[in-house]
Amino acid sequence: RTPLVIDTDPGIDDALAILLALASPEVDLRLVTTVHGNVDLGRTTENALRVLHLAGRSDVPVAAGARDSLVYRQPERAGHVHGEAGLGGVQLPPSPAAADPRPAVTALAELLLAAEEPVTVAAIGPWTNIALLLAVHPEVAERIGRLVLMGGSAARGGNVTAAAEFNVWADPEAAQRVLGSGVPTVLVGLDVTLPTVLDADGIARFAAAGPVGATAAAVLQQYLDHARSAYGTTGVVVHDALALTEAIAPGTLGTVRRDVVVDTTLGAGRGQTLVDRRRVSDSPTAVDVAETVDGPAAVEFLVSRLEALSRA
Ligand code: BDR
Ligand code: CA
C-alpha cells in the first residue's frame, strides 16, 4: 500500500476525496494537512477532523498549515460554493480527536523522512503548504514519490476568473514555486475535472449504501444546488476526488510532460497556468499535465468505492 498524505481545504469535493482515499486499499492515508482555501484554516481543519471521524478514522492525524497565501492576502474564499462552514451546511458530529500540535510543514517533513518508501502527496487546496515544505525542508523533496496537484487549466480558462482556477488563483506565488520544484508531479486541472461529473443517480447509489454515504450525499446537496443555479447542470464536478483517483490508481488520466508557468502578475491573468502545449518537454521542471480522462469511468470508480465504504 502506497503511503499517502492529503493536503486539503475541505470543502465538499475535498471531503469526497478524503473518503475515497479511506475507501481505497491501494493507499495508506497516513496524514492530512490543512490549508486556507475554500473556507478559513480553522474551518478546513475542523472539517478534516470531522470527515475522518465520520468514516471511523479519527486515528489519522490532522495537522494545520498555512492561514494565508505567501504574498498577497486572498481577497475572497468559496463559501458561496461550499457553504459558509465548508461542508454544504451539514453539521457533522465533532471528532474526539484534536488537531496534531505540529505545524503541517513539520508533520509532513517528519513523515516523509521516516517513511520506508516513497510517499504520494495529493494537494487539493491552494499549494501554500507544499511551497513552504519545499522551501523549509528541501531535503524531503526526494522522498515524495508523486505529487498529485489539483489545480490549473490548460485550455479551459478559469473557474474563479476568466484566467484562473481556484487553487492556483488562491496562491499563485506558491503555485509557481511548486511547479518549478522538479518533484515528479501530475497536474490535474480543469481540462480533466470538468468532464468528470457526478450526477444525482450516482449520489443516490452511495446515499443508499449506509450512513457514511447518506451523509456524503447530504453534504453534496448544496454543491448540486449551486451547480444547478450557476451553470444549469444536473451534476457536480468532483475536482479533488478525480485528483485522488489518479493518486490511488496512477495512469487513470492521460498525461503529457509539459512546461508550465504561473502568471504571478497583478493583472487580469493572475493565477493562470500557462501550459506550453506546443511541445513535449524534457526539462527537469516540466510536469505531467493531465489532458485526457474517461469521465464516466472515473465517476464509477468514485461511486463504487463510496458504496463499499458505506457498507463496511
Ligand atoms: C478547486 O477549488 C476548490 O473550490 C475545490 O475544492 C477544488 O480543489 C477546483 O477549482
Ligand atoms: Ca479543494
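Residues numbered from 1 in each chain as written. Chains lettered and ligands numbered in written order. Predicted model: local features only at pLDDT ≥ 70, side-chain atom pairs only at ≥ 80, totals over all residues.

Undergrad: Honestly, the overall build of the protein in this entry has me stumped. Any pointers?
TA: When you go through the protein residue by residue, the secondary structure sums to 12 helices and 12 strands. Compactness check: the protein gives a C-alpha radius of gyration of 18 Å against a globular reference of 20 Å for 312 residues, within 12% of the reference. Taken along its principal axes, the extent of the C-alpha atoms in the protein is 50 × 45 × 35 Å. Looking at the protein residue by residue over its 312 residues, the buried ones come to 56%. (Helix = DSSP H or I, 4+ residues; strand = E, 2+ residues; numbered from the N terminus. Rg over C-alpha atoms; globule rule 2.2 N^0.38 Å. Buried ≥ 20, exposed ≤ 12 C-beta atoms within 10 Å, placed from the backbone.)

Undergrad: For this particular structure, what's the right way to read the site of ligand 1?
TA: Every one of the 14 residues lining ligand 1 counts as a neighbour, but G11, D13, F166, H239 and D240 are closest to it. Listed by contribution, the elements that provide at least two residues to the shell around ligand 1 are α1 (12–22), α6 (166–169) and α11 (239–248). Partitioned by chemical class, the residues of the shell around ligand 1 number five nonpolar, five polar and four charged. (Near = placed C-beta within 6 Å. Nonpolar A, V, L, I, M, F, W, Y, C, P; charged D, E, K, R; others polar.)

Undergrad: Where do I start with the nonpolar core in this structure?
TA: The tendency in soluble globular proteins is for nonpolar side chains to be buried as a group. The biggest cluster of nonpolar side chains holds 105 residues, and the ones touching the most others in it are I18, L19, A21 and V188. Sort the elements by how many residues they give to this core and α1 lands first, with nine residues. Once residues lying within four places of it in the same chain are set aside, the contact partners of A21 are L4, I6, V27, L29, L244 and I248. (Core = buried A, V, L, I, M, F, W, Y, C linked by C-beta atoms within 7 Å. Contact = placed C-beta atoms within 7 Å.)

Undergrad: I'm lost on the environment of V168 in this one. Help?
TA: Relative to the assigned elements, V168 resides in helix α6. Separated by 43 residues in sequence, V168 and P211 place their C-alpha atoms 34 Å apart. The contacts of V168, once residues within four sequence positions are left out, are G151, G152, A175, V262, G271 and T273.

Undergrad: Is there a simple way to explain the confidence of the model for the protein in this structure?
TA: Any residue range with low pLDDT should be treated as having predicted coordinates unsuitable for detailed reading. Overall, the predicted model of the protein reaches an average pLDDT of 96, with 100% of residues at or above 70. The ipTM assigned to the predicted complex is 0.99, against a pTM of 0.97. (pLDDT = per-residue confidence, 0-100.)

Undergrad: Can you walk me through helix α7 (residues 172–179) in this structure?
TA: The α-helix advances 3.6 residues per turn, and as a result positions three or four apart in sequence lie on the same side. The buried fraction of α7 is high, at seven of eight residues. Of all the residues in α7, the buried ones are P172, A174, A175, Q176, R177, V178 and L179. Of the surrounding secondary structure, the elements contacted by the buried residues of α7 are α5 (128–136), β5 (144–150), α6, β10 (260–262) and β12 (287–292).

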